[in-house]
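# Structural overview
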Amino acid sequence: MDDALKSLISKDGLLKIHAVNRDCARHDAINSMIMWGLVNIGAWFFFGRDFRETLGSLNNPSGGIYFLMYGALGLGVLLLAFAFIGFTQRMMTAIILNGLSLITVGLWNISNDFIAIGALKPYGYTIEKPGTFWIILGIIQIGWGINQLTHGVKLKNLSHEKVTRPEMDELRKQLRFFVHSDEKEEKGLVKGTISDRSGLLDIAPRITSFTGRLTDDSALFVSSNLDDSFVIEREKAGRAVFSKTGDMTVEVDGKRKTMTFTKTSLPLIKQWCGQALTADEIKAEAIAKMPDPRDAIQPKCKNCGNRYDPADFREDAKVWLCPACKEPLLREA
């Protein structure tokens, strides 16, 4: 796997990784819209029945009343329609639609009580003030939706190579193995999170878990759900700034990224960037090199990194399958 990964840290290899990023992001966007669409329809059907009956009993209901009665249902149907369009188009449209749907849901949560106040007042119903929780939730959803749009535009404009479906599946399998690899067992492997505040609203930054592979000249970073990747040149890494808490700020593709590494990975990335270690980091590095006592009784799947107990498997079974990824396990492990 190490040799296969090294071949990907090249111009042609990155183009293939970008193709996987786009495909995974599209699937995630479709699943997100399906989930929120079903949530809205389910909430409308199961929890809004009494409310709709009350509104339906009003004389000469206005357009605002009908909006309150069927708005959540319409929003759920709209999200499912967006998901269908994204699935049938098989393009980056799904990611853009997912961002728009999050913004739409956020606007609904913010405006719903305000519409209710105006629509119910002529009928003698009074709402003292809009719900603070729904307003805050709506603002966060709008901020997250804008970040999703930003990420979608980035992926859409990203250079990528067209790959066949078998190639895509194999590459996804390699990258999935990579992001599930143990940083304590794989040389040059680092893990952490990235806070990307490239969106218009910083209240909901895009926080991504990632795995990085350090080489002599550069480092490849891939997100845990395979929808993002980037490379940091070692020359630029030498200009990275580390905070007192260990967070690293570095420029990637013309934008600043804040990267937070695990205790095990921090000493490694600092040394790679040419930074001196503190006494605590030297201690953490020594501890990280100590063998994990669990390895003797709970080996790891070579495909996904999930630990398993050999005692759970039958000795006369022809093949042991990993409970997590269903791939064959090494019997001698």
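Residues numbered from 1 in each chain as written. Predicted model: local features only at pLDDT ≥ 70, side-chain atom pairs only at ≥ 80, totals over all residues. Heavy atoms only, no water.

Glancing now at the overall build of the chain. Looking only at helices and strands, one finds 10 helices and 7 strands in the chain. Across the 333 residues in the chain, those meeting the buried criterion constitute 43%. The long-range share in the chain, meaning contacts at least 24 apart out of those at least 6 apart in sequence, stands at 61%. In the form shown here, the chain has an accessible surface area of approximately 18800 Å², with 58% of it arising from carbon and sulfur atoms. (Helix = DSSP H or I, 4+ residues; strand = E, 2+ residues; numbered from the N terminus. Buried < 20%, exposed > 50% of the residue type's maximum accessible area, 1.4 Å probe, protein only. Contact = heavy atoms within 4.5 Å. Areas by Shrake-Rupley, 256 points an atom, 1.4 Å probe, with all protein chains shown as cover.)

Summarising the element assignment, Met-168 is placed in helix H7 (residues 165–179). Its relative accessible area of 7% is what places Met-168 among the buried residues. C-alpha of Met-168 to C-alpha of Val-20: the two residues are 148 residues apart in sequence and 6.6 Å apart in space. In contact with Met-168, not counting residues within four places along its chain, are Ala-19, Val-20, Asp-23 and Val-163.

Here we take up the pattern of salt bridges. Going through the model one piece at a time under the given rule, you end up with 6 salt bridges. Arg-26 is the salt-bridge partner of Asp-23, the closest N and O atoms lying 3.9 Å from each other. Taken together, the residues Asp-23 and Arg-26, both in helix H2 (residues 11–47) and 3 residues apart, mark about one turn of the helix. Each member of the pair, Asp-23 as well as Arg-26, carries the same accessibility label: buried. One continuous salt-bridge network, built from bridges that share partners, spans Asp-23, Arg-26, Arg-165, Asp-169 and Arg-172. (Salt bridge = Lys/Arg side-chain N within 4 Å of Asp/Glu carboxyl O.)

Membership of the largest hydrophobic core comes to 20 residues, with the highest contact counts inside it found for Phe-221, Ile-232, Met-248, Met-259, Phe-261 and Ile-269. Going through the elements one at a time, strand E1 (189–196), strand E2 (206–214), strand E3 (218–223), strand E4 (229–233), strand E6 (248–252), strand E7 (255–261) and helix H9 (265–272) are the ones with two or more residues in this core. In this view, Ile-232 contacts Ser-218, Ala-219, Phe-221, Ala-237, Val-250, Val-252, Met-259 and Trp-272; residues no more than four positions away in its chain are not counted. Counting 16 residues, the second largest nonpolar core, distinct from the first, contains Ala-19, Val-179, Val-222 and Val-231. (Core = buried A, V, L, I, M, F, W, Y, C linked by side-chain atoms within 4.5 Å.)

A complete count under the given rule lists 6 aromatic pairs for this structure. Here Phe-45 and Phe-46 contribute two aromatic rings whose centre-to-centre distance is 5.0 Å and whose plane-to-plane angle is 90°, an arrangement assigned as edge-to-face. Where Tyr-308 meets Phe-313, the ring centres are 5.9 Å apart and the plane angle is 85°; that geometry is what we call edge-to-face. Residues Tyr-308 and Phe-313 agree in their burial class; the two are buried. Lying across the ring of Phe-230, Lys-257 places its NZ or CZ 5.3 Å from the centre. A cation sits over an aromatic face here: Lys-270 above Phe-242, 5.5 Å from the ring centre. (Phe/Tyr/Trp six-rings, centres within 6.5 Å; stacked < 30°, edge-to-face > 60°. Lys NZ or Arg CZ within 6 Å of the ring centre and 35° of its normal.)

This part takes up the pairing of E4. A regular strand places its side chains on the two faces of the sheet in alternate fashion. For E4, a buried count of 4 out of 5 residues is recorded, marking the element as mostly surrounded by other parts of the structure. Of the strand pairs in this sheet, E3 and E4 are connected by 5 bridges, and their pairing is antiparallel. Opposite Val-222, over in E4, you have Ser-229 as the bridge partner. Taking the residues between adjacent antiparallel strands as the criterion, E3 and E4 are bridged by 5 residues, where Leu-226 takes a positive phi near 65°. (Pairing = 2+ DSSP bridges.)

On the surface, Met-35, Trp-36 and Val-39 cluster together into a nonpolar patch covering about 260 Å² of accessible area. As for its placement among the helices and strands, Val-39 is situated in helix H2. (Patch = residues over 30% accessible without salt bridge, like charges linked within 9 Å, V, L, I, M, F, W, Y side chains within 5 Å.)

Attention now moves to a negative patch on the surface. Residues Asp-216, Asp-217, Glu-233 and Glu-235 make up a contiguous surface patch of negative charge. Following the sequence through the fold, Glu-235 ends up in helix H8 (residues 234–237). Using a relative accessible area of 64% as the deciding quantity, one classes Glu-235 as exposed. (Lys, Arg positive; Asp, Glu negative; His and termini not counted. Charge placed at Lys NZ, Arg CZ, Asp CG, Glu CD.)

All right, on to the side chain of Gln-141 then. Structurally, Gln-141 can be placed in helix H6 (residues 132–156). Side chain to side chain, Gln-141 and Asn-109 meet in a polar contact 2.7 Å long. If sequence neighbours within four positions are ignored, Gln-141 has contacts with Leu-102, Ile-103, Val-105, Gly-106 and Asn-109. (Polar contact = N/O pair within 3.5 Å; in protein donor to acceptor, adjacent residues only side chain to side chain.)

A few words on H9. For an α-helix the count is 3.6 residues per turn, leaving residues at separations of three or four pointing the same way. Among the 8 residues that make up H9, 6 are buried, leaving the element largely enclosed by the rest of the structure. Looking only at H9, the buried set comprises Ser-265, Leu-266, Pro-267, Ile-269, Lys-270 and Trp-272. One or two steps after H9, the chain reaches Gly-274, where phi turns positive at roughly 85°.

Once that is clear, we can look at the environment of Ala-311. Turning to its location among the elements, Ala-311 is positioned in the segment after helix H10 (279–288). Note: C-alpha distance between Ala-311 and Gln-298 (13 residues apart in sequence) is 9.5 Å.

Both trends apply: most residues other than glycine have a negative phi, and most peptide bonds are in trans. With a phi angle near 65°, Leu-226 is a residue other than glycine that sits in the positive phi range. Note on placement: Leu-226 falls in the loop between E3 and E4. By relative accessible area, which is 2% here, Leu-226 ends up buried.

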